[in-house]
Amino acid sequence: MTERRGPSADDERELLSAYLDGELDEAETARAGARLAADHGWRAELDALRLVRDRVRSLPEREPPAGFIDQLVRAGRSDLARRSDTVHATMRRTRRLAAIAAAAAAIGVAFAVPSTESPTPVRPAIDESADGHAVNAALADDPISQLAPAAIPASTGDGGTP
Amino acid sequence: MPDGVPTWEEVAREHGRFLYNVAYRLAGNDADAADLAQDALLRVRRGLDTYQPTGSLEGWLARIVTNLFLDDVRRRRRKPVVALGDHEHVLPGGAAADEVAAARSLSDEIQAALGKLGDEFRTAVVLCDVVGLSYEEIADAQGIPVGTVRSRIHRGRSQLRELLS
């Protein structure tokens with residue numbers, strides 16, 4: 001079984017500063033008021049807290065060193081100008097990079113597009129080359145190559161070497 | 001820039017002293033206060049475009065400088081340094097020398113006590129008693145429950161009471 005605990009003495013005393021600052025709700029204000037009316041110790045503590053609060057509140061404004069605000073404004077202006085230059089430089093660089101990228105892409109596309117032209121024919125044609133080789137082999141008495149059927153062209157029909 | 005929102009330069013000129021004062025009460029010395037105020041104004045410049053003037057401008061500025069201070073403390077675990085005897089520009093001229101000395105002494109004493117508080121307690125007390133924010137505004141600025149604000153302010157003041165007695 002869980003036992004529900006009420007506020008501790010410290011929790012209760014935290015009411016004092018909030019009471020002083022007018023930060024309690026209606027029920028808490030009534031509770032603190034009743035306690036203050038009955039408890040001299042609470043009243044003494046409230047007075048002491050009020051004194052501390054008033055001392056902090058009475059601190060004079062700490063002035064910045066002479067010229068500090070002007071320096072801040074000047075630094076801010078130059079920083080703004082520098083940032084503006086940086087932005088413009090970045091935009092110029094971005095535009096340059098975009099142009100380079102576009103050019104590179106165009107070149108890449110040009111290489112990637114398949115050619116629509118016919119392949120260049122092999123010179124001499126393979127069949128012509130084979131026939132020529134067979135003729136030469138026949139004329140040179142090459143027994144292996146002579147196995148390939150080949151007609152001896154008329155121009156080499158004299159039996160001499162080409 | 002939304003209507004009714006000042007320019008960055010207007011904020012710097014009209015509220016720079018306020019920022020510096022809050023920064024000084026938090027950091028406890030002029031060098032860190034100057035750094036904090038400058039950093040806060042840089043943040044302000046970035047934030048002005050989206051700033052919605054729902055609360056007070058000084059509340060918003062105090063929130064920025066306080067969060068910068070706490071970020072810095074968390075990052076560096078820096079302890080505030082109380083610069084005593086460096087208050088030549090705190091009080092206006094014309095007051096009698098003994099009154100000036102007494103006021104300086106009192107201010108130094110309170111500032112020294114503030115500097116001895118834990119960072120969260122000091123922040124809560126400064127936002128409440130130097131800046132003048134409500135508990136709800138402090139809770140909103142710090143991202144903590146109102147009950148935590150209440151506790152920190154009370155404990156901060158209780159410690160100040162002991163330190164100043």
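Analysis parameters
- Note that residues are indexed from 1 along each chain, following the sequence as it is written.
- Lettering for chains starts from A, numbering for ligands starts from 1, and both go in the order in which the items are written.
- With pLDDT at 70 or above as the cut-off, local features in this predicted model cover only qualifying residues; side-chain atom pairs require 80 or more to be listed or tallied, and sums for whole chains, interfaces and linings still use all residues.
- Hydrogen atoms and water are omitted, and side-chain values are computed over all heavy atoms in the structure.
- Runs of H or I in DSSP of at least four residues are treated as helices and runs of E of at least two as strands, each being numbered from the N terminus.
- Here a helix's expected span is defined as the number of its residues, less one, multiplied by 1.5 Å.
- Only protein chains enter the accessibility calculation, which uses a 1.4 Å probe; a residue whose area is less than 20% of its type maximum is buried, one above 50% is exposed, and one in between is partly exposed.
- Contacts described as polar in this section are N or O atom pairs within 3.5 Å, which, within protein, must combine one atom able to donate a hydrogen with one able to accept it, while residues neighboring in sequence count only if both atoms come from side chains.
- The contact rule is simple, with two residues in contact once any of their heavy atoms fall within 4.5 Å.
- Summed over both partners, the accessible area (1.4 Å probe) lost when two parts come together is defined as the buried area.
- Salt bridges, as used here, are contacts in which a Lys or Arg side-chain nitrogen is within 4 Å of a carboxyl oxygen on Asp or Glu.
- Every axis in this analysis is a line fitted to C-alpha atoms, fitted for helices over the stretch in contact. Angles between the N-to-C directions lie between 0 and 180 degrees.
- Put simply, a crossing is left-handed when the front helix is turned counterclockwise from the back one by less than a right angle, and right-handed when it is turned clockwise.
- Charged residues are taken to be Asp, Glu, Lys and Arg, nonpolar residues to be Ala, Val, Leu, Ile, Met, Phe, Trp, Tyr, Cys and Pro, and polar residues to be all remaining types, Gly included.

Colleague: Where do I start with helix 3 (residues 40-57) of chain A in this structure?
Modeller: Owing to its 3.6 residues per turn, the α-helix aligns residues three or four sequence positions apart on the same side. Residues and elements named next belong to chain A. Over its 18 residues, helix 3 runs 26 Å from end to end, which matches the ideal 26 Å to within 8%, given 1.5 Å per residue. Listed in full, the buried residues belonging to helix 3 are Trp42, Glu45, Leu46, Ala48, Leu49, Val52, Arg53, Arg55 and Val56. N-cap assignment for helix 3: the residue whose side-chain oxygen lies 2.8 Å from the backbone N of Gly41 is Asp39.

Colleague: I keep staring at the interface of chain A and chain B and nothing clicks. Help me out?
Modeller: Accessible area lost when the parts come together is the quantity often used to give the size of an interface. Opposite the 37 residues of chain A that make contact, chain B presents 44 residues. In this assembly, chain A packs against chain B so that about 3,800 Å² is buried in total across both faces, 59% of it on carbon and sulfur atoms. At the surface where chain A touches chain B, the tally comes to 9 salt bridges. Close ionic contact of Arg57(A) with Asp129(B) constitutes a salt bridge, the shortest N to O distance being 3.0 Å. For the interface between chain A and chain B, the tally reads 15 residue pairs in polar contact (both at pLDDT 80 or more).

Colleague: Where do I start with the packing of helix 1 (residues 8-27) of chain B against helix 5 (residues 119-131) of chain B in this structure?
Modeller: Helix packing geometry: the angle between the two helix axes and the distance between the axes. Residue and element names in this part refer to chain B. Look at helix 1 against helix 5: their axes get within 10 Å of each other, and the N-to-C directions meet at 145°. Relative to helix 5, the crossing made by helix 1 is right-handed. Counted together, Phe18, Asn21, Val22, Arg25 and Leu26 of helix 1 and Arg122, Thr123, Val126, Val130 and Val131 of helix 5 form the full contact between these two elements. Across the contact of helix 1 with helix 5, the residue classes tally to 6 nonpolar, 2 polar and 2 charged.

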